[in-house]
Amino acid sequence: MYKRQDRGQAGAINKGFSSATGELFAWINSDDYYLPAALMQLVKCISANNADFVYGDVFQQKGHGVPYPWRNGDKFDLTTSLTSLHIPIPQQGAMWKKTLWDSVGGLNSKWHCVLDRDFFVRSALRHTFCYKPGSVAVSRIHSAAKSSAQAAKWIDELPKMYKEFYLRKDLPSSIKKTRRKNMYAVWQRCADISRRCGKSSLRFLFFALITSPVFFLQDEMTYLKHCFLSARKKRR
């Protein structure tokens with residue numbers, strides 16, 4: 001065990017991998033664990049598919065062994081992910097080559113909540129991803145987990161992360177074209193997180209509106225249609 005003061009989780013992971021000598025990397029948090037033979041399955045998959053990055057599904061537990069919905073992976077397409085904000089990669093079930101890690105520069109230590117999201121997005125720009133169906137790890141969900149207890153932190157990090165990504169000089173034109181739709185989705189996600197935290201979402205809805213009035217109007221029309229149909233159904 002190696003213990004010292006670092007720059008948070010990302011800094012600790014970067015420090016650990018800086019001393020690693022293997023060809024394949026993966027990390028698992030103290031809340032989680034791998035299933036038997038999972039690592040060998042991922043190794044075989046990354047070799048058989050000549051991929052740089054491979055990932056499987058994750059079984060989630062809430063509290064003391066209480067079943068929770070599976071965190072299933074899916075095929076990853078960067079353009080689709082940027083416009084929907086959906087990242088179909090369970091971090092606990094992921095493995096990648098050292099060459100990928102070195103080429104993207106590891107994790108960005110400024111991030112606390114979006115560190116794995118940022119890493120996946122940057123990695124997908126130049127590297128091959130492969131999804132292997134089947135559970136390879138278990139993730140424990142509890143009140144002390146970072147993703148649950150500090151959800152509001154996303155409001156600060158998510159817009160900054162994607163703004164920084166779109167400032168890159170090496171983005172293909174197809175990726176650059178997704179910026180407006182991406183930022184609209186980011187502001188809507190922040191509004192949703194803010195509401196769930198019991199805070200006002202008006203500021204983020206305003207940002208969404210000025211980012212894309214067209215997308216905003218389409219969403220509002222869809223919402224009003226849903227409300228109308230729901231009300232009519234109740235009257236029957």
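Residues numbered from 1 in each chain as written. Predicted model: local features only at pLDDT ≥ 70, side-chain atom pairs only at ≥ 80, totals over all residues. Heavy atoms only, no water.

What follows deals with the overall build of the protein. In terms of regular secondary structure, the protein is built from 11 helices and six strands. By the burial criterion, 41% of the 236 residues in the protein qualify as buried. Across the protein, contacts joining residues at least 24 apart in sequence account for 72% of those joining residues at least 6 apart. Approximately 13,800 Å² of the protein is accessible, and the part contributed by carbon and sulfur atoms is 55%. (Helix = DSSP H or I, 4+ residues; strand = E, 2+ residues; numbered from the N terminus. Buried < 20%, exposed > 50% of the residue type's maximum accessible area, 1.4 Å probe, protein only. Contact = heavy atoms within 4.5 Å. Areas by Shrake-Rupley, 256 points an atom, 1.4 Å probe, with all protein chains shown as cover.)

Moving on to the nonpolar core. Of all hydrophobic cores here, the largest spans 49 residues; its most connected members are Phe-53, Ile-89, Trp-96, Phe-119 and Tyr-162. The biggest single contributor to this core is helix 9 (residues 179–196), with eight residues. When residues no more than four places from it in sequence are discounted, the contact partners of Phe-53 are Ile-46, Ile-89, Ala-94, Met-95, Trp-96, Leu-100, Phe-119, Phe-120, Thr-128, Phe-129 and Cys-130. Ala-38, Leu-42, Met-95 and Ala-137 belong to the second-largest nonpolar core, a separate cluster that totals 11 residues. (Core = buried A, V, L, I, M, F, W, Y, C linked by side-chain atoms within 4.5 Å.)

Since one α-helical turn is 3.6 residues long, residues separated by three or four positions face the same way. For helix 9, which comprises 18 residues, the first-to-last C-alpha distance of 26 Å matches the rise-based estimate of 26 Å (1.5 Å per residue) to within 8%. Looking at helix 9, one finds that the buried residues are Asn-182, Met-183, Tyr-184, Ala-185, Val-186, Trp-187, Gln-188, Cys-190, Ala-191, Ile-193 and Ser-194. Phi turns positive one or two residues past the end of helix 9, at Gly-198, with a value near 80°. (Expected span 1.5 Å × (residues − 1).)

Our focus in this paragraph is a nonpolar patch on the surface. Nonpolar side chains collect at one region of the surface, where Leu-217, Met-221, Tyr-223 and Leu-224 lie side by side and expose about 450 Å² of accessible area between them. Note on placement: Tyr-223 falls in helix 11 (residues 213–235). (Patch = residues over 30% accessible without salt bridge, like charges linked within 9 Å, V, L, I, M, F, W, Y side chains within 5 Å. Salt bridge = Lys/Arg side-chain N within 4 Å of Asp/Glu carboxyl O.)

Let us look at the side chain of Gln-92. By the element assignment, Gln-92 lies in the loop between helix 3 (78–84) and strand 5 (94–97). Within the structure, the side chain of Gln-92 is placed 3.2 Å from the side chain of Ser-139, a separation counted as a polar contact. In this structure Gln-92 touches Ile-28, Asp-32, Tyr-34, Val-58, Ala-137 and Ser-139, once residues within four positions along its chain are discounted. (Polar contact = N/O pair within 3.5 Å; in protein donor to acceptor, adjacent residues only side chain to side chain.)

Here we take up the pattern of salt bridges. What the rule picks out here adds up to eight salt bridges. The partner of Arg-126 in a salt bridge is Asp-170, with the nearest N and O atoms 3.7 Å apart. With Arg-126 in the loop between helix 5 (115–124) and strand 6 (129–141) and Asp-170 in the loop between helix 7 (153–166) and helix 8 (173–176), the pair connects residues that are 44 residues apart, well separated along the chain. We classify Arg-126 as partly exposed; its relative accessible area is 48%. Overlapping salt bridges, with partners in common, bring together Arg-126, Arg-168 and Asp-170 in one network.

Turning to helix 2 (residues 38–48), a few remarks are in order. Where helix 2 is concerned, the buried positions are Ala-38, Leu-42, Cys-45 and Ile-46. Along helix 2, the residues classed as buried sweep out an arc of 95° about the axis, all on the same side. What points out from helix 2, more than 90 degrees from its buried face, is the exposed set Lys-44, Ser-47 and Ala-48. If you follow the buried residues of helix 2, they end up packed against strand 1 (24–25), strand 2 (33–34), strand 3 (53–62), strand 5 and strand 6. Positive phi shows up at Asn-50, right after helix 2, with a value of about 50°. (Arc of directions from axis to C-beta.)

Look at helix 5 against helix 7: their axes get within 11 Å of each other, and the N-to-C directions meet at 15°. Considered as vectors, helix 5 and helix 7 are oriented roughly parallel to each other. For the pair helix 5 and helix 7, the crossing hand works out as right-handed. Where helix 5 abuts helix 7, its residues Arg-117, Asp-118 and Val-121 lie against Trp-154, Leu-158, Met-161, Tyr-162 and Phe-165. In the contact of helix 5 with helix 7, the residues fall into six nonpolar, no polar and two charged. (Axes fitted to C-alpha atoms, helices over the stretch in contact; angles between N-to-C directions. Parallel < 35°, antiparallel > 145°, perpendicular 65-115°, else oblique. Left-handed = near helix turned anticlockwise from the far one by under 90°. Nonpolar A, V, L, I, M, F, W, Y, C, P; charged D, E, K, R; others polar.)

Moving on, we come to the packing of aromatic side chains. Tallied over the entire structure, the rule returns 21 aromatic pairs. Ring geometry for Trp-187 and Phe-207: centres 4.7 Å apart, planes at 55°, overall tilted. Pair noted here: Trp-187 is in helix 9 and Phe-207 is in helix 10 (residues 202–211), with a separation of 20 residues, a long-range link. A relative accessible area of 10% places Trp-187 in the buried class. Their ring planes at 50° and their centres at 6.2 Å tell us that Phe-206 and Phe-207 sit as a pair that is tilted. Cluster of aromatic residues (ring-pair linked, three or more members): Phe-17, Phe-25, Trp-27, Phe-53, Tyr-55, Phe-76, Trp-96, Trp-101, Phe-119, Phe-120, Phe-129 and Tyr-131. Above the ring of Trp-111, the side-chain terminus of Lys-110 is found at 5.4 Å from the ring centroid. The positively charged end of Lys-181 is found above the aromatic ring belonging to Phe-215, 5.9 Å away from the centroid. (Phe/Tyr/Trp six-rings, centres within 6.5 Å; stacked < 30°, edge-to-face > 60°. Lys NZ or Arg CZ within 6 Å of the ring centre and 35° of its normal.)

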